[in-house]
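Listed here are the chains, written in short residue letters.
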Amino acid sequence: MARQLTGLYSGPDDLLDHPERIRELQEKAGLNMVILGGGTHILFGLRARDPLHREAEADDTRLRQGIEKAHEMGLEVWLLFGGWQGQPAETFAGQEDRSIRDVQGRLLKDMPQVPFGMEYAQKMFCPSLEDYNSFHAEWYADVARRYAPDSINLTHARYSSPSLFFDMFGCACPRCAHRAEEMGYDFEKLAARARKGLEAIQKMDAATARGALADGDDFFGLFERLGVEGGLRDWFAFRAGVITGNFRQWSEAVRQASGGKVRLGSDTHVPGIALLVGHDYPAIARTLGYTQPLLPHIGWHLLCVPAAWASLFLQWTPGLTEAEALRLACQLIGWQAVGLSDTIADLHVTDVDGPKHCPFLYNLVALELERGFIPDSPVPSYPVLQAGIWPVETVRRLIRRAEEIGHQGLIFQGATALLETP
Ligand SMILES: [Zn+2]
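Since the model is a prediction, treat every value here as computed from it, not as a measurement.

**Examining the overall build of the protein chain**
Across its full length, the protein chain holds 15 helices and nine strands. A compact globule built from 422 residues would reach a C-alpha radius of gyration of about 22 Å, and the protein chain, at 21 Å, matches this within 12%. Based on the C-alpha atoms only, the size of the protein chain along its principal axes is roughly 65 × 50 × 40 Å. Relative to its full complement of 422 residues, the protein chain shows a buried share of 48%.

Below is the structure:
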């Protein structure tokens, strides 16, 4: 299918100071959209009501000029904003109660650290903070009215990476418990099952782990094997319901403010693990303006998960070998056919964008491109690829694969590979 949208993560400086490079991308790669960071100056005028009391710059001249320049060049403009995750740790000083709390009652700061957990510097607010959610609805509506971008684009609008294993068992604070009840769940039962799952996996013996490997268990199948009724599916459906509900609130505010002209969208996490961060692709496709499978950070978003889980299995399950632990972790998220290595060290997890010459890069990203496509989706799908660091040939193959699958557009982080002559 012909690509309808080709986007680039950019900024006003690129447009205003280097328009020739943007023009080259329009000619050679069909660029027709830029994502610009929405700085805190946009808070101007609303700052007094911001529950986080963020500093706000008053001057938005560069941003306004950048938006104008992009439109003049025939480009769509998306403005980028944040969600509940990805907050600096100091944001919580004196307000720890606003961070997530797990099913054992622990606040985020008291949860154990996990090796290869990649988001420790980025903390997570409880997604049910009413003042936070309603302020952001008001903020995004204001942005839609004052700047009239083609889309407001969110990032980190989710729970933390599943590599932070214990975070998956929150938020279970009283605010979230109340929301669960409103959504029709019996929260006591829901939390009790999640607690049971969390306890059971930390006592998993090698025979159980090997049984799961032999039978091809996925993530939920393993928890069922561990005796948890429903395998925690309802716990993760509840968490996704919280995030989708928040998206609905913000989307409605933006729609009303712009008369339906501004689309609210969000990057959507790596499809194979998206549900574990609260991103339910079909539900998001019914709520936001598009889905946006986020695949550029191989180390940070993808490989950290099997590395972290395998490290925990080695701690929890005596007798399991490193190769078995890693194989099980990969199998739980459906990556058994990708051909990852047998050792955690060989994954080079700490490299955010993944190793430059990663033997399984194509297989891994191509698989997630397939998993991120919803055939009967009411909205388009725009996966994000890394074109600044990955090998040019791999980028080209992935672009071809995304188009064959039927994704309606692609968004790039970095553009070097797009300008190389084939
Ligand atoms: Zn909560």
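**What about the pairing of strand E7 (residues 263-266)?**
On E7, burial covers both faces: Arg263 and Gly265 on one face and Leu264 and Ser266 on the other are all buried. Note: strand E6 (residues 151-154) against E7, four bridges, orientation parallel. Within E7, the residue paired with Leu154 across the bridge is Ser266.

**Quick look at unusual backbone geometry**
Omega for the bond connecting Gly170 with Cys171 falls within 30 degrees of zero, at 5°, which places this linkage in the cis form. Relative to the helices and strands, Cys171 is located in the loop between E6 and helix H5 (174-182). Of note, the phi angle at His156 is positive, near 60°, even though the residue is not glycine. Among the structural elements, His156 can be located in the loop between E6 and H5. A positive phi angle, close to 75°, is found at Leu232, a residue other than glycine. With respect to the secondary-structure elements, Leu232 resides in the loop between helix H8 (219-225) and helix H9 (233-258). The class for Leu232 is buried, based on 25 C-beta atoms found within 10 Å.

**Overview of the sheet that holds strand E1 (residues 5-10)**
Strands sit in the order E7-E6-E3-E2-E1-E9-E8 across an open sheet of seven strands; the sheet is parallel. The outermost strands of the open sheet, each flanked by one partner alone, are E7 and strand E8 (384-386). Adjacent strand axes in the sheet meet at a mean angle of 30°, parallel and antiparallel pairs treated alike. Pairing of E8 with strand E9 (residues 409-413) involves three bridges; the strand directions are parallel. Following the sheet pairing, Gln386 is matched in E9 by Gln413.

**A closer look at the packing of helix H4 (residues 130-147) against H9**
Interaxial distance between H4 and H9 falls to 8 Å at its minimum, and their mutual angle equals 30°. Relative to H9, H4 is oriented roughly parallel. Classified by chirality, the crossing of H9 by H4 is right-handed. Of H9, the residues touching H4 (which contributes Asn133, His136, Ala137, Glu138, Tyr140, Ala141, Ala144 and Arg145) are Asn246, Gln249, Trp250, Ala253, Val254, Gln256, Ala257 and Ser258. For the contact of H4 with H9, a count of residues per class yields eight nonpolar, six polar and two charged.

**Quick look at the pairing of strand E2 (residues 33-37)**
Among the five residues in E2, four count as buried, and that is most of the element. Of the strand pairs in this sheet, E1 and E2 are connected by four bridges, and their pairing is parallel. Note that in E2 the partner of Leu8 across the bridge is Val34. With five bridges joining them, E2 and strand E3 (residues 76-81) adopt parallel strand pairing. Within E3, the residue paired with Ile35 across the bridge is Trp78.

**Some words on H4**
Here H4 is 18 residues long and its end C-alpha atoms lie 25 Å apart, about the 26 Å a rise of 1.5 Å per residue gives. The set of residues buried in H4 consists of His136, Trp139, Tyr140, Ala141, Val143 and Ala144. Packing partners of the buried residues in H4 comprise E3, E6, H9 and E7.

**Details of the environment of Ala285**
Note on placement: Ala285 falls in helix H10 (residues 281-285). Of the residues examined, Ala285 has 19 C-beta atoms within 10 Å and is grouped as partly exposed. For Ala285 and Ile374, which are 89 residues apart along the polypeptide, the C-alpha to C-alpha distance reads 8.7 Å. The contacts of Ala285, once residues within four sequence positions are left out, are Thr291, Ile374, Ser377, Pro378 and Val379.

**Thoughts on the packing of helix H7 (residues 206-215) against helix H12 (residues 322-332)**
Close contact between H7 and H12 brings their axes to 10 Å; oriented N to C, the two are set at 50°. Considering their axes alone, H7 and H12 lie oblique with respect to each other. The chirality of how H7 crosses H12 is left-handed. Contacts from Ala209, Ala212 and Leu213 of H7 reach H12 at Glu324, Arg327, Leu328 and Gln331. A breakdown of the residues in the contact of H7 with H12 according to their chemical character gives four nonpolar, one polar and two charged.

**Here's the deal with helix H3 (residues 61-72)**
In an α-helix, one turn spans 3.6 residues, which is why side chains three or four residues apart end up on the same side. The terminal C-alpha atoms of H3 lie 16 Å apart, and with 12 residues this matches the ideal 16 Å at 1.5 Å per residue to within 8%. Burial in H3 covers these residues: Leu63, Gly66, Ile67 and Ala70. Along the axis of H3, the buried positions cluster into a sector of 100°, meaning they face one direction only. Opposite the buried face of H3, at more than 90 degrees from it, the exposed residues are Thr61 and Glu72. Considering only its buried residues, H3 is in contact with helix H1 (12-17), E2, E3 and H4. Phi for Gly74, located one or two positions after H3, is positive at around 85°.

Procedures and definitions
Residues numbered from 1 in each chain as written. Predicted model: local features only at pLDDT ≥ 70, side-chain atom pairs only at ≥ 80, totals over all residues. Helix = DSSP H or I, 4+ residues; strand = E, 2+ residues; numbered from the N terminus. Rg over C-alpha atoms; globule rule 2.2 N^0.38 Å. Buried ≥ 20, exposed ≤ 12 C-beta atoms within 10 Å, placed from the backbone. Pairing = 2+ DSSP bridges. Axes fitted to C-alpha atoms, helices over the stretch in contact; angles between N-to-C directions. Parallel < 35°, antiparallel > 145°, perpendicular 65-115°, else oblique. Left-handed = near helix turned anticlockwise from the far one by under 90°. Contact = placed C-beta atoms within 7 Å. Nonpolar A, V, L, I, M, F, W, Y, C, P; charged D, E, K, R; others polar. Expected span 1.5 Å × (residues − 1). Arc of directions from axis to C-beta.

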